[in-house]
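What follows is each chain in one-letter form.
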Amino acid sequence: MAEGSKKRQFTFPTAFTILFILLILIALATWLIPAGAYQLDESGAPIPGTYQQMPSNPQKLLVSALMGPINGMYGIEDATGNVNVWNSGELFGAIDVALFVLIIGGFLGVTMKTGAINAGIAWVVAKLKGKEKWMFPVLMTIFAIGGTSYGMAEETLAFYALIITVMLAAGYDGLAAGALILLGAGIGVIGSTVNPFATGIASGFANATISEGLVGRVAILVIGTALGILFVMRYAEKVKKDPSKSLIYTAKAENEAQFLAGSSGGEEFGKFTGRHKFILVLFFLAFAVMVYGVIPWEDLGLPIPTWWWWFPEMAANFLLFGIVIGIVGRLKEKVLVDTFVDGARDMLGVALIIGVARGITVIMNNGLITDTVLYWAEQAVSGLGGVGFILVTYLLYLPLSFLIPSSSGLATVSMPIMAPLSDFAGVPSYLVVTAYQTANGLVNLVTPTSAVVMGGLAIARVGYGTWWRFVWPLLLLLMVLSMVVLAVGVYIG
């Protein structure tokens, strides 16, 4: 190669490209994998030991690639009129989930437009001035709440400049500041309790409710956040005592020149008013109402009215609160509508990914190979037992999360396979949801395809290799924590 010419660098394909490739491969698999089906019980779950081979029903490659995403939204039949063999006659598609995601996007957009979240965090930073040490537990807990409730990720990028400025002034470094934000929100996502983009979507496709497995996810959230706080604080205090111990010491002067010169101290986020506080109350109340609505109180034997909510009702809930928050935030009618639409537009990619991913499941079902794959997997895990199955499932989701970094896309692709498989191992399907979300959340703390990871590290001037060198011990601790909770869940489930 001539000197000065640009070298070609490998660029990892997007989630859409990966899923379209999978569409073709799965359609091709319907020509190669024997067709078959299980007998189903009254709830529609496959009955172990009842698998039988059936006449082959191969799918057309081009038709599958083009119609797969569309059929994934509707889910009942493919372009050739083949009726889906599971839940025949019922809506098996992803349209309800996709619409829910769009409305959640509008809800988040309106809330961010009011400035309540930014002003609230800036207020906390100002209150802790001179006591910066306590910013680690306080702010990491706040970010973790955002991660566990609605999958806070891209929104964190707005806070890097403010928090890095404060941390540098207090004698810490950009890595400590970046880790505070990235690990705070990221560990919250690992312990997603009611995160609609991870727990909600995965639970829907696993035929479980968000409330199932909540105790285990809370344990992961609380213990994981505590581990993260101690881990970051230990490094930060070491750097404060001896700046040369910083893993990014060579960038110290450059960081100080950029962030400390002419710092505004966070005033650009505005004052934290009473209206902002009320908006935040409404914001978290929306999630609390959603959780109440999906919990089957009647089945738990509790004398509490059961609403039997699912995606349509949850979508309506966030639509209502989005409108109320916009009114309380004094957004003009046009601004409120435009902001809601813009927020939904930001989630359009996620909604489309769900449709494409669901198309893979539809092709497998119409090609009558889903039950064959289940049968092979049943034979593979038949001797593992419950604990062995759930731990293998967790480990399997680690490489899958690198392949499909989209949490919603991975849930849509994998849950129709893994959730029924859990029945064969005697493991509740909600533990499969927990295994998926903890593994996916862990990988998304370090995956180079994440704009949140790479963008945050770039702002803090932390090299990707340096980030790996810093964070790998915590990753191991979080992995062990997740696996222990999953194993305990098998025994008490």
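For the structure, see preceding data.
As a convention, each chain's residues are numbered from 1 in the sequence order in which they are written. Owing to the predicted nature of the model, reporting of local features is limited to residues with pLDDT of at least 70; listing and counting of side-chain atom pairs is limited to 80 or more, with chain, interface and lining totals taken over all residues. Just so you know, side-chain values use all the structure's heavy atoms and leave hydrogens and water out.

## Let's talk about the overall build of the protein
As a reminder of what qualifies: The way it works is that DSSP assigns letters per residue, a run of H or I at least four long becomes a helix, a run of E at least two long becomes a strand, and they are numbered from the N terminus. Classification of residues uses two cut-offs on accessible area relative to the type maximum, computed with a 1.4 Å probe and protein chains only: under 20% is buried, over 50% is exposed, and between them is partly exposed. Using the Shrake-Rupley algorithm and a 1.4 Å probe, accessible areas are obtained, with residue cover drawn only from the displayed protein chains.
Along its length, the protein carries 20 helices and two strands. Burial statistics for the protein: of 493 residues in total, 55% are counted as buried. Carbon and sulfur atoms make up 66% of the accessible area of the protein, which amounts to about 21,800 Å² in all.

## Quick word on unusual backbone geometry
Of note, the phi angle at Arg330 is positive, near 60 degrees, even though the residue is not glycine. Even without being a glycine, Leu368 presents a positive backbone phi close to 60 degrees. Locating Leu368 in the fold gives a position in the loop between helix 14 (348–366) and helix 15 (370–381).

## Some thoughts on the side chain of Thr148
Here is the rule: Within 3.5 Å is the distance limit for a polar contact, defined as a pair of N or O atoms, with the added protein rule that one can donate a hydrogen and the other accept it, and that residues adjacent in sequence qualify only through two side-chain atoms. What makes two residues a contact is simply this: any of their non-hydrogen atoms within 4.5 Å.
Residue placement: Thr148 occurs in helix 5 (residues 135–150). Side chain to side chain, Thr148 and Thr193 meet in a polar contact 2.8 Å long. Excluding residues within four positions of it along the chain, Thr148 makes contact with Gly188, Val189, Gly191, Ser192, Thr193, Val194, Asn195 and Leu221.

## Examining empty space enclosed by the protein
Quick reminder of the rule: Only protein atoms enter the 1 Å grid used here, on which a cavity is any set of points holding a 1.4 Å probe that cannot leave and a pocket is any open set flanked by protein within 12 Å on both sides along at least five of seven lines; residues with an atom within 4 Å of a point are listed as lining. Grid points are joined across faces, edges and corners, and a volume is the space filled by probe spheres set on the points. In this count, Pro and Cys sit with the nonpolar residues alongside Ala, Val, Leu, Ile, Met, Phe, Trp and Tyr, while Asp, Glu, Lys and Arg are called charged and the others, Gly among them, polar.
Tallying each qualifying case throughout the model produces one cavity of 30 Å³ or more. With three residues, helix 7 (residues 174–190) is the single largest residue contributor to the lining of the largest cavity. The residue inventory of the lining of the largest cavity, partitioned by class, reads seven nonpolar, two polar and no charged.

## Section: the packing of aromatic side chains
Counted only if it meets this: Aromatic rings from Phe, Tyr and Trp, with only the six-membered ring used for Trp, were paired whenever their centres fell within 6.5 Å, and each pair was classed as stacked if the ring planes differed by under 30 degrees, edge-to-face if by over 60, and tilted otherwise.
Counted under the stated rule, the structure contains 16 aromatic pairs. Consider the rings of Phe107 and Phe283, whose centres lie 5.4 Å apart with planes at 5 degrees: the pair is stacked. Residue Phe107 is found in helix 3 (residues 95–113), and its partner Phe283 is found in helix 11 (residues 274–294); the two are separated by 176 residues along the sequence. Neither Phe107 nor Phe283 differs from the other in exposure class; each is buried.

## Considering helix 4 (residues 116–127)
Put simply, the rule is: Expected span, for any helix, means 1.5 Å times one less than how many residues it has.
For helix 4, with 12 residues, the first-to-last C-alpha span of 16 Å sits near the 16 Å given by 1.5 Å per residue. Listed in full, the buried residues belonging to helix 4 are Ala116, Ile117, Asn118, Ala119, Gly120, Ile121, Ala122, Val124 and Val125. For helix 4, the elements touching its buried residues are helix 3, helix 5, helix 6 (160–169) and helix 11.

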